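# Survey of secondary and tertiary structure
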Amino acid sequence: MNLTGAETLSVRDLATRFGKRLGRTPKFEGREGPDELLSNTARMRSVFLPPATAVDQMVEYVATAIE
């Protein structure tokens, strides 16, 4: 999964949010490494307006769509 935005979010955190919303427990294998890849979003944030939808609301929208 390759996502970028103004906030730094981990896959584990997002999976946990989706699991809670969907009434399921995500299963993880292995551990996060110390060498995560982050994008520099400074230019994006200088060109585009901040997102109108918060991450928690986006999780809700996606969870509703896949139920």
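Residues numbered from 1 in each chain as written. Predicted model: local features only at pLDDT ≥ 70, side-chain atom pairs only at ≥ 80, totals over all residues. Heavy atoms only, no water.

## A look at helix 1 (residues 11–22)
Because the α-helix completes a turn every 3.6 residues, residues three or four places apart line up on one side. If you check helix 1, its first and last C-alpha atoms are 16 Å apart, about what 12 residues at 1.5 Å a residue would give, namely 16 Å. One or two residues past the end of helix 1 sits Gly23, with phi positive at roughly 70°. (Helix = DSSP H or I, 4+ residues; strand = E, 2+ residues; numbered from the N terminus. Expected span 1.5 Å × (residues − 1).)

## With respect to the environment of Asp56
The residue Asp56 is located in helix 3 (residues 55–66) in this model. Exposure remark for Asp56: the relative accessible area of 53% places this residue in the exposed category. As for Asp56 and Leu22, which are separated by 34 residues in sequence, their C-alpha atoms are 13 Å apart. (Buried < 20%, exposed > 50% of the residue type's maximum accessible area, 1.4 Å probe, protein only.)

That is the geometry; function is a separate question.
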